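Examination of the molecular architecture
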Amino acid sequence: MNRIFALVLCLVSSPISAETGTADVASGKRLAGELQVCNAYFTNVSFCFADKSLARKLGSKAAELSRIYSEQATRAGKKAYEMGRVISVPPADLTATFMSTATGMQDEIAGNCTKIESLIDKWGAICKQLVEHPDLRLKQLSECPNQGKVRC
């Protein structure tokens, strides 16, 4: 019960809204993990936009895109660690999720930033929505029937 109360306090005091204060710890853990996946996505894309070969193709837009994606990575990571702190997810677990996902995404594009469109197509809209409205996702997860058995 203390963890649920702490989760409610986190939701009230953070950018994640208080409307989802009834969320359980499992939902919070899943949200923290999903935020780390998006952290990895935004980080990979940011690095690719900063890559010289891709930057030459994009011109002056590359630096701005790299900055925007880097800011989104920071937002996703901060929100993941805030949630993890409140529900007692060890930072090492969140870091491991980030590292594993970031490596997997690099493998997916074979380390070639000219193939970054596949990551953007796969993760762009999902991660943008998650970082902008994590409270909606937390609410969805907490209301999911058969939580943990059915993908929500």
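This text gives an overview of the structure that appears in the document.

Under the definition given, this model contains 7 salt bridges. R67 serves as the salt-bridge partner of E64, at 2.4 Å between the closest nitrogen and oxygen. Pair noted here: E64 and R67 are both in helix α4 (residues 61–86), with a separation of 3 residues, about one helical turn. In this structure R67 comes out as partly exposed when scored by relative accessible area, which is 38%. With a shortest N-O distance of 2.9 Å, E132 and K128 are connected by a salt bridge.

Turning our eyes to something else, we now look at helix α7 (residues 134–142). Within α7 the residues assigned to the buried category are P134, D135, R137, L138 and L141. Burial along α7 is one-sided: seen end-on, the buried residues are contained in an arc of 160°.

What follows is about the environment of K61. In this fold, K61 is placed in helix α4. Judged by relative accessible area, K61 falls into the exposed class, the value being 54%. In the structure, K61 is positioned 12 residues away from F49 in sequence and 8.8 Å away in space, judged by C-alpha atoms.

With that settled, consider the state of the cysteines. Evaluation of the coordinates by the stated rule reveals 2 disulfides. Residue C38 pairs covalently with C127 via a disulfide, S to S 2.2 Å. On the sign convention where negative means left-handed, the S-S torsion of about -80° between C38 and C127 marks this disulfide as left-handed. Of this pair, C38 sits in helix α2 (residues 25–50) while C127 sits in helix α6 (residues 117–132), placing them 89 residues apart in sequence. Take C38: its relative accessible area is 2%, and that puts it in the buried class. Two residues share a disulfide in this structure: C48 and C113, whose sulfurs sit 2.1 Å from each other. Between C48 and C113, the disulfide has an S-S torsion of -70° and is therefore left-handed.

As a further point, take the packing of aromatic side chains. Counting across every chain of the model gives 4 aromatic pairs. A centroid spacing of 5.8 Å and a plane angle of 55° characterise the contact between F42 and Y69, whose relative ring orientation is tilted. Residue F42 is located in helix α2, and its partner Y69 is located in helix α4; the two are separated by 27 residues in the primary sequence. What makes Y69 buried here is its relative accessible area of 16%.

Cut-offs used in this document
- Residues numbered from 1 in each chain as written.
- Predicted model: local features only at pLDDT ≥ 70, side-chain atom pairs only at ≥ 80, totals over all residues.
- Heavy atoms only, no water.
- Salt bridge = Lys/Arg side-chain N within 4 Å of Asp/Glu carboxyl O.
- Helix = DSSP H or I, 4+ residues; strand = E, 2+ residues; numbered from the N terminus.
- Buried < 20%, exposed > 50% of the residue type's maximum accessible area, 1.4 Å probe, protein only.
- Arc of directions from axis to C-beta.
- Disulfide = S-S within 2.5 Å.
- Phe/Tyr/Trp six-rings, centres within 6.5 Å; stacked < 30°, edge-to-face > 60°.

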